[in-house]
Amino acid sequence: MGYFYYEDGALGWQEEQHKVWIQPWGPNGLRVRANLAGQPLDLPHALLEPPPAPTEGRIDVEEQEASIPNGLIRATITRSGWLRFTNTATGETLLEERPITSYHMPPSRHFKPRDGRLFQIEAWFSAQDGERFYGLGQHQHGRLDQKGCVIELHQRNTEVSIPFLVSNRRYGFLWNNPGVGRVELGYNDTRWVADGAQQLDYYVVCGESYADILARYADVTGHTPLMPDWAMGFWQCKLRYETQDELLAVAREYKKRGLPLSVIVSDFFNWSHMGDWRFDPQCWPEPAAMVRELEAMGVKLMVSIWPTVSPLSENYRELRERGLLISNEYGVDAQHVFIDHDVNGPAYFAYYDATIPEARQFIWETIKKNYYAQGVRLWWLDND
């Protein structure tokens, strides 16, 4: 059996090396961290630091359980480490860990050792009858209610993972672990999995309405800046404009017909080879003149920039020699199979390593020289 303690504004629980910290985080929210390291780890995560909330004297410790409230939400943890969340106004259970009824069942918080200091971390919660889940980003399965789905927590083309869901039981849940994993929203259990992590970390927020929950979520993760007026208009994009003349012909036709157009997009293969990060001069011979004409029509140009680097690229050798490409455990930098100019069929391409400051600087200097200097002020990094 574990014991309770108070530490830096958080309710703590410990049993051997397993420690849990439950801390108020913004209005009506609680952040939960757990690990085997003995102290909370300051790792990359999605939450902003909240203003300090007074908790001393509000934590209720009894013989068999302890609880910590924050506005509409309360967390209660038992001596055995079982954790549940309730609505302080109604007393309704919002979310609770799966109770352990057999020694053959894995614990609700599971740490399976992996290489180095990493663990496969799992958090199990009881399924609630009639509960529905919404959110989790953009997915192609066509379902509004995510109940019954297994959602991969991995960014892919057209599959955008945002590990935040809203329940019809009036709470929101953020899986605050920046790693590959999945969530299984089963009818018998809910299971969140991080394939390689050092710490379990999540945030639960309660609200009187969906709008209230989303507002509190925005408060603790950051508000999106308001877009400028020109960006509120129509954006024209297709797969793809092959030449400068083709793109300008479309923009001119909009102008001729008096149709409003804010942005037109030059999508992939505007380059000579992947990793050149510049217009192919054969297809886009005068990019600066193109941008000037578009601007005169009140249209901005956006270009797509891919992170992939072909061995045929003019930048490949320098990126490789300077160690600015992603490589696997075998030292091989070939990560992506696709097609490119002057390649007979699919080929393997590398990725620049965005985690290295020198690689980010190299990309920016290249983009600045080849796109920005031509008047292009908008681009997106299309990471597959």
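This text goes with the structure placed above it.
### With respect to the overall build of the chain
- A count of helical and extended segments in the chain gives 5 helices and 25 strands.
- The C-alpha extent of the chain, read off along each of the three principal axes, is 75 × 50 × 35 Å.
- Burial status across the chain gives 48% buried among its 384 residues.
- A separation threshold of at least 6 residues defines the contact pool for the chain, and within that pool the share at least 24 residues apart is 61%.
- For the chain, the accessible area works out to roughly 19900 Å², and carbon and sulfur atoms hold 51% of it.
- A gap of 3 Å separates the mean positions of the 37 positive and 51 negative side-chain charges of the chain.

### Description of the side chain of T190
- In this structure, T190 sits in strand β17 (residues 189-197).
- Contacts of T190, omitting those with residues within four sequence positions, involve A123, W124, F125, F133, E184 and L185.

### Brief notes about the sheet that holds strand β6 (residues 65-70)
- Strand order across the open sheet formed by 5 strands is β5-β6-β7-β8-β9, with antiparallel pairing between neighbours. A strand with exactly one partner marks an edge of an open sheet, and here the two such strands are β5 (60-61) and β9 (93-96).
- The pairing of strand β7 (residues 73-78) with strand β8 (residues 83-87) spans 5 bridges and is classified as antiparallel. Within β8, the position partnered with I77 by the bridge is L83.

### Re the packing of aromatic side chains
- Tallied over the entire structure, the rule returns 25 aromatic pairs.
- A ring pair is formed by W364 and W379, whose centres lie 6.1 Å apart and whose planes are at 40 degrees; its orientation type is tilted. Within this pair, whereas W364 is found in helix α5 (residues 357-370), its partner W379 is found in strand β25 (residues 378-381), the two being separated by 15 residues in sequence.
- Classification of W364 by relative accessible area gives partly exposed; the value is 34%.

### A look at the environment of G375
- With respect to the secondary-structure elements, G375 resides in the loop between α5 and β25.
- Once the C-alpha coordinates of G375 and P287 are considered, the two residues, 88 residues apart in sequence, prove to be 8.2 Å apart.

### Side note on the pattern of salt bridges
- Applying the stated criterion across every chain, the model contains 20 salt bridges.
- In this structure, the salt-bridge partner of E97 is R109, at a minimum N-O distance of 2.6 Å. Residue E97 is located in the loop between β9 and β10 (109-113), and its partner R109 is located in strand β10; the two are separated by 12 residues in the primary sequence.
- Measuring nitrogen to oxygen at the nearest pair gives 3.9 Å for the salt bridge that ties E295 to K300.
- Judged by its relative accessible area of 24%, K300 falls in the partly exposed class.

### Details of the sheet that holds strand β20 (residues 263-266)
- The 4 strands are arranged β19-β20-β21-β25 in an open sheet whose pairing can be described as parallel. Each having just a single partner strand, β19 (235-236) and β25 make up the two edges of the open sheet.
- Sheet topology note: the β19/β20 ladder contains 2 bridges and is parallel. Across the sheet, the residue bridging to W235 is V263, located in β20.
- In the packing of helix α2 (residues 244-257) onto the sheet, the strands contacted are β19, β20 and β21 (300-305), and the crossing angle to β20 comes to about 165 degrees.

### Considerations on the pairing of strand β1 (residues 3-7)
- Looking at chain direction, β1 and strand β2 (residues 10-15) are connected through 5 bridges and run antiparallel. Its bridge partner being in β2, Y6 is matched across the sheet by L11.
- Here β1 folds back onto β2, and the loop between the two strands holds 2 residues, one of which, D8, carries a positive phi near 50 degrees.

### Some thoughts on the environment of D245
- Inspection of the secondary structure assignment puts D245 in helix α2.
- Given a relative accessible area of 60%, D245 falls into the exposed group.
- As for D245 and M290, which are separated by 45 residues in sequence, their C-alpha atoms are 8.9 Å apart.

Parameters and conventions
- Residues numbered from 1 in each chain as written.
- Predicted model: local features only at pLDDT ≥ 70, side-chain atom pairs only at ≥ 80, totals over all residues.
- Heavy atoms only, no water.
- Helix = DSSP H or I, 4+ residues; strand = E, 2+ residues; numbered from the N terminus.
- Buried < 20%, exposed > 50% of the residue type's maximum accessible area, 1.4 Å probe, protein only.
- Contact = heavy atoms within 4.5 Å.
- Areas by Shrake-Rupley, 256 points an atom, 1.4 Å probe, with all protein chains shown as cover.
- Lys, Arg positive; Asp, Glu negative; His and termini not counted.
- Charge placed at Lys NZ, Arg CZ, Asp CG, Glu CD.
- Pairing = 2+ DSSP bridges.
- Phe/Tyr/Trp six-rings, centres within 6.5 Å; stacked < 30°, edge-to-face > 60°.
- Salt bridge = Lys/Arg side-chain N within 4 Å of Asp/Glu carboxyl O.
- Axes fitted to C-alpha atoms, helices over the stretch in contact; angles between N-to-C directions.

Keep in mind these numbers describe shape, not what the thing actually does.
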